[in-house]
Amino acid sequence: MEDADNVYAEAEHSAAPPADNTAEQQSGQRAEDLQGQMDDFLGPNQDYNEEEEERKYYRRKRLCVIKNVVAASVGGMLTYSVYLGLLQMQLTLQCQYHCCAAGLLQMQLILHYDETYREVKYGNLGLEDIDNKMLMGINVTPIVALLYTPVLIRFLGTKWMMFLASGIYALFVSTNYWERYYTLVPSAVAIGVAIVPLWASLGNYITRMAQQYYEFVHYKEEHVQEQKKPPKGAFHRYIIIFHSVFYCIFHLSFVFAEFPMVFFLNQYLYDYNHTLYNVRHCGSDGVGIISGLNKTVLSRLPRSVNLIEVESALMGVAFIAMITFLALCGSAYRPTEEIDLRSIGWGNIFQLPFKHMRDYRLRLLCPFFIYSGFEVLFAITGLTLCYSVCSLGLEVLWKVVGLYGLVSSISSTLSLSFLRLPRPVPLLGGAALHLCLIVVLFIWSPQPRNPRVQPAIYILTALWAVGTALNKTGMSTLLGMLYEDKERLDFVFTVYHWWQAMAIFVVYLWAWLPMKAKLSILLVTLVVASLCYWIMERRLARKDQYRLPRIPRPRHKVKGYRYLEEENSDESDSEKSEREEPGEERGEDSEGHGVHSLEQEEGEGNGARRRRDYAYEQAGGREEYVQPSL
């Protein structure tokens, strides 16, 4: 019995473990569950696809670049729509001066020209003299733009330069609320200061976006991942497409600039029988702009409150343009790159446009730059006024200018032929078209007050717009293609638009010349420009060496920039890798062609090399002869 009792006791003891052991097991299980949840949370996600996420990331980057290009194009289009529309509405056929007012100007007509309007609204204010001073400020100031544009871009950067320039255009609009000498003339001078920096920044911005888009599309390529020099012509496709998109949108500014004329001013105009009553000669027989145009072109004066409403609408659009540049346009460069540009010294920045002029490619393109300024202003001041308005009256002005802008916008897509055709074809094709039109205009003199020439006027305007689109888009695209290896093209586009400003100044001076003299100047310039461009392409085909200046290295030990690391440089990583490639160390470029630098001409001794390095670090910049490959 005792043995049986002991057996039952042991069985009960083994069947019922202590309560403390059960609690410990439960707490351990909870700890294991918690640890498992933490491992699941912190551990690698089984559903995460790194390649897919990387693809989505670069897709967002590409969309951001497209957004930047469209925003910059729309911002430029709105800025010039307001500017051209206001000038057309407010200034007048004192136009022998006024139509030369800016880089891409329309004819400014109506209010200030009308003698009754000036006497009733402004009395003895001297509005004609104020207008002349305004045009002098707008046309003369860009002559010195080659001196201050690099400094402004150095100080502000590309994006902020575009924003500031659009703000200056908005300032010009705001001064028209109170038209006085001390408001209109200073704002006109500010417009003249902003023209070249704005266009240099826009050209550089669009080209820079094309370079970024290529990197985001080909992010898997080895040379992109290692930030080495891309293959020759890698950026060409995107440079062509982006500049075409920009000019397709920008040329619509001529269309939108006609809205004040269509919806407001047309109802106040006399018909052509009154305005052209004393006009005797048009076209190639004419002298000046429109000799004999009636001094009263308004049938009745517009109310001041209506003028304020129109100017307020234009002011609102100007603010939208500013916000577009500020909020929708991303930065062209990283902040450290902008700081590096500022740290290389004012003197070096000042010299860079002149150093770029040593490149024979840029020198041979200068006649085309000049013609580019001539032809668009001739379309506005000569073709539209001396042929169209002189024959059909002011009431068709908005139709001719709107047609010119619309056809220019559509024809800008023709520059996409760069993708398939040889490079000279689009540019020389536009030049050939303009050559034929100049010859036709030289022998054609339409009669005043002759509505039967209206179809011919529209055809000539449309054809000239096609040539303008090929010229403008082709020239900007060509510069981007020739200087694709340079990440900063501010200085190249500065040279381009400075020569355009010089051409505008010449048009400002030739206003009183006979039309045949103007056409002769235009014809000679076009022939010289085409010949120089052909010579440039021939030299490139022969692989002639050209001088390619580079941005000097920044001086890091400057007060205010001490936080920068020693290896930071304004040179891009692609330029560094290009400089460090074995081919270049042997005196060859990436394709085996010889590279001759100014440093090699000075000697190859160690002492000379040390002296060159010291001079380079102090302020120097290196200029190299580069053997191109096409």
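Here goes a summary of the coordinates provided. (Residues numbered from 1 in each chain as written. Predicted model: local features only at pLDDT ≥ 70, side-chain atom pairs only at ≥ 80, totals over all residues. Heavy atoms only, no water.)

What follows covers the state of the cysteines. In total, this model carries one disulfide according to the counting rule given. Disulfide pairing places Cys 282 opposite Cys 390 at an S-S distance of 1.8 Å. As the torsion about the S-S bond is roughly -80°, the Cys 282-Cys 390 disulfide counts as left-handed. Here the residue Cys 282 occupies a position in the loop between α14 (272-275) and α15 (304-328), and Cys 390 occupies one in helix α18 (residues 360-392), the gap between them amounting to 108 residues. For the pair Cys 282 and Cys 390, one class covers both residues: buried. The cysteine Cys 532 is free of any disulfide, with Cys 366 supplying the nearest cysteine sulfur at 9.1 Å. (Disulfide = S-S within 2.5 Å. Helix = DSSP H or I, 4+ residues; strand = E, 2+ residues; numbered from the N terminus. Buried < 20%, exposed > 50% of the residue type's maximum accessible area, 1.4 Å probe, protein only.)

The relative placement of two packed helices is expressed as an angle between their axes plus a distance between the axes. Where helix α17 (residues 346-356) contacts helix α22 (residues 490-509), the two axes come as close as 9 Å, and the packing angle between them is 65°. Between α17 and α22, the angle is such that the two are roughly perpendicular. Considering the relative orientation of α17 and α22, their crossing is right-handed. On α22, the residues that touch Ile 349, Leu 352, Pro 353 and His 356 of α17 are Phe 491, Val 492 and Val 495. Its residues placed into classes, the contact of α17 with α22 shows six nonpolar, one polar and no charged. (Axes fitted to C-alpha atoms, helices over the stretch in contact; angles between N-to-C directions. Parallel < 35°, antiparallel > 145°, perpendicular 65-115°, else oblique. Left-handed = near helix turned anticlockwise from the far one by under 90°. Contact = heavy atoms within 4.5 Å. Nonpolar A, V, L, I, M, F, W, Y, C, P; charged D, E, K, R; others polar.)

Below, the discussion takes up the nonpolar core. For soluble globular proteins, nonpolar side chains are generally found buried alongside one another. Formed by 152 residues in total, the largest nonpolar core has its most connected members in Tyr 80, Leu 365, Trp 464 and Leu 479. Broken down by element, the residue count for this core peaks at 21 residues, all from α18. With five residues, the next largest nonpolar core counts Leu 341, Ile 349, Leu 352 and Phe 491 among its residues. (Core = buried A, V, L, I, M, F, W, Y, C linked by side-chain atoms within 4.5 Å.)

As a further point, take the packing of α18 against helix α20 (residues 424-443). α20 packs onto α18 with a crossing angle of 40° between their chain directions and a minimal axis gap of 13 Å. Judged by the sense of rotation from one axis to the other, the crossing of α18 with α20 is left-handed. Seen from α18, the contacting residues are Phe 368, Tyr 371, Glu 375, Phe 378, Leu 383 and Tyr 387; seen from α20, they are Leu 427, Ala 431, His 434, Ile 438 and Leu 441. The residue makeup of the contact of α18 with α20, split by class, is nine nonpolar, one polar and one charged.

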